[in-house]
Amino acid sequence: MTKGVLTIVSGFAGSGKGTVMKQLLSRHGEYALSISATTRKPRKGERDGVEYFFKTKEEFEKMIGEHAFLEYANYVGNYYGTPASYVDEQLNLGKDVILEIEVQGALQVKKLRSDALLVFLTPPSGAELERRLRGRGTETDEVIRSRMRRAGEESELMSSYDYILINDDVDRATEELHNLIRSQHLAASRNEELIGRIRRELGVCR
Ligand code: 5GP
């Protein structure tokens, strides 16, 4: 069976990637979304095992020691990491897996899995980013300032991504993301079996 496509979606906090991901999963049931572990405290309404696996620092560091993560990073004072077992299990079942993670982790995965598709989601402007962060109303001023600074740092790594998606319309961004993943399935490097069969049928190899 052909392995699934591993897609990494990153974007500044406030890029609307959470909304795009929700819409992608509700419109297109075929994707497996990896649930990360984190040491940050749950926000209102977040449940353990749904949005994240909420861990203490000690628990998280124990998992690092056990090599349980495909990647992990420190983001604004907290650990975030992708449990490796789920990702590999789903890819081996032929499922397309999506990781919604920040830039340091994304680049770690790209080093390990060169066929991973890296997509960076951005609002159309810096001003729009700040407006969205403030509109969310769940974070203090200090956290917003630190997330804007962080966005500046993250923007340095945008050029390392395969594709940049502008999220000024959630429906359009969702469908563009879906189409990008679909087209990965057509990559020649993922279709060696098909190429071999056609070549055999043409009598040019056995
Ligand atoms: P938040 O605290 O707003 O849920 O997430 C903060 C940042 O951490 C976001 O950019 C999110 O994509 C990223 N993130 C979530 N899970 C992971 C993970 O498993 N690994 C890494 N490297 N980043 C993650």
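The structure this text deals with has already been given above.
Residues numbered from 1 in each chain as written. Predicted model: local features only at pLDDT ≥ 70, side-chain atom pairs only at ≥ 80, totals over all residues. Heavy atoms only, no water.

Asker: Looking at this model, I keep getting lost on the pattern of salt bridges. Mind explaining?
Answerer: Side-chain pairs of opposite charge can arise whenever the charged atoms involved come near each other. This structure, assessed with the given rule, holds 19 salt bridges. Notably, a salt bridge pairs Arg27 with Asp171, separated by 2.7 Å at the nearest N-O pair. Placement of Arg27 in helix H1 (residues 17-27) and of Asp171 in helix H7 (residues 170-184) is noted, with a sequence separation of 144 residues between them. Residue Arg27 is classed as partly exposed on the basis of its relative accessible area, which comes to 39%. (Salt bridge = Lys/Arg side-chain N within 4 Å of Asp/Glu carboxyl O. Helix = DSSP H or I, 4+ residues; strand = E, 2+ residues; numbered from the N terminus. Buried < 20%, exposed > 50% of the residue type's maximum accessible area, 1.4 Å probe, protein only.)

Asker: I'm lost on the nonpolar core in this one. Help?
Answerer: Where a protein is soluble and globular, its nonpolar side chains tend to be buried together. Ranked by internal contacts, the top residues of the largest apolar core, which has 21 residues, are Leu6, Ile8, Val87, Val97, Leu99 and Val109. Listed by contribution, the elements that provide at least two residues to this core are strand E1 (6-11), helix H3 (84-92), strand E7 (96-100), helix H4 (103-112) and strand E8 (117-122). For Val97, the contacting residues outside a window of four places in its chain are Val5, Leu6, Thr7, Ala32, Ser34, Val87, Gln90 and Leu91. (Core = buried A, V, L, I, M, F, W, Y, C linked by side-chain atoms within 4.5 Å. Contact = heavy atoms within 4.5 Å.)

Asker: What am I meant to see in the site of the ligand here?
Answerer: With respect to spatial proximity, 16 residues lie near the ligand, and among them Ser36, Arg40, Tyr52, Tyr80 and Glu102 are the closest. At 3.0 Å from an oxygen atom of the ligand is found a main-chain nitrogen or oxygen belonging to Gly81. Listing elements by their share of the shell around the ligand, those giving two or more residues are strand E5 (69-75) and strand E6 (78-83). For the shell around the ligand, the residue count by class is 5 nonpolar, 4 polar and 7 charged. (Near = heavy atom within 4 Å. Polar contact = N/O pair within 3.5 Å; in protein donor to acceptor, adjacent residues only side chain to side chain. Nonpolar A, V, L, I, M, F, W, Y, C, P; charged D, E, K, R; others polar.)

Asker: Looking at this structure, how should I read the sheet that holds E5?
Answerer: Across a sheet, paired strands are connected by hydrogen bonds in the backbone, their directions being either parallel or antiparallel. The strand order across the open sheet formed by 4 strands is E4-E3-E6-E5, and the pairing between neighbours is mixed. Of all the strands in the sheet, the pair left with one neighbour each is strand E4 (52-54) and E5. Direction aside, the axes of adjacent strands within the sheet are offset by 25 degrees on average. Alignment of strand E3 (residues 36-38) against E4, held across 3 bridges, turns out to be parallel. Residue pairing for E4: Ser36 is matched across the bridge by Tyr52. (Pairing = 2+ DSSP bridges. Axes fitted to C-alpha atoms, helices over the stretch in contact; angles between N-to-C directions.)

Asker: What's the story with H7 in this structure? I'm lost.
Answerer: Since the α-helix packs 3.6 residues into each turn, any two residues three or four apart lie on the same face. End to end, H7 covers 21 Å across 15 residues, agreeing with the expected 21 Å (1.5 Å per residue, within 8%). Taken together, the buried positions of H7 are Ala173, Thr174, Leu177, His178, Leu180, Ile181 and Gln184. All buried residues of H7 project into a common sector of 160 degrees when viewed along the axis, lining one side. A distance of 3.0 Å separates the backbone nitrogen of Asp171 from a side-chain oxygen at the start of H7, and that oxygen is part of Asp169. (Expected span 1.5 Å × (residues − 1). Arc of directions from axis to C-beta.)

Asker: In this structure, what is going on with unusual backbone geometry? I would like to understand it.
Answerer: The phi torsion of most residues other than glycine is negative, and most of the peptide bonds are trans. Although it is not a glycine, His67 sits at a positive phi angle of roughly 55 degrees. Considering the arrangement of structural elements, one finds His67 in the loop between helix H2 (57-65) and E5. With a phi close to 45 degrees, Val76 is a non-glycine residue in the positive phi region. The exposure class assigned to Val76 is partly exposed, which follows from its relative accessible area of 35%.

Asker: How should I be thinking about the packing of H1 against H7 in this particular structure?
Answerer: The axes of two packed helices give the description: the angle between them and the distance between them. Two numbers describe how H1 lies on H7: the axes approach to 9 Å, and their chain directions differ by 65 degrees. Judged by the sense of rotation from one axis to the other, the crossing of H1 with H7 is right-handed. Of the residues in H7, those touching H1 at Thr19, Val20, Met21, Gln23, Leu24 and Arg27 are Val170, Asp171, Ala173, Thr174, Glu175, Leu177 and His178. Along the lines of polarity and charge, the residues of the contact of H1 with H7 split into 6 nonpolar, 4 polar and 3 charged. (Left-handed = near helix turned anticlockwise from the far one by under 90°.)

Asker: I would appreciate a short explanation of the pairing of E8 in the present structure.
Answerer: Regular strands have side chains that alternate between both faces of the sheet. The element E8 is largely enclosed, with a buried count of 6 among its 6 residues. Side chains of E8 alternate between two faces, with Leu117, Val119 and Leu121 and Leu118, Phe120 and Thr122 buried alike. Across 5 bridges, E1 lies against E8 in parallel orientation. Counted as the bridge partner of Ile8 is Leu118 from E8. Here 4 bridges tie E8 to strand E9 (residues 163-166), and the two strands are oriented parallel to one another. Following the sheet pairing, Thr122 is matched in E9 by Ile166.

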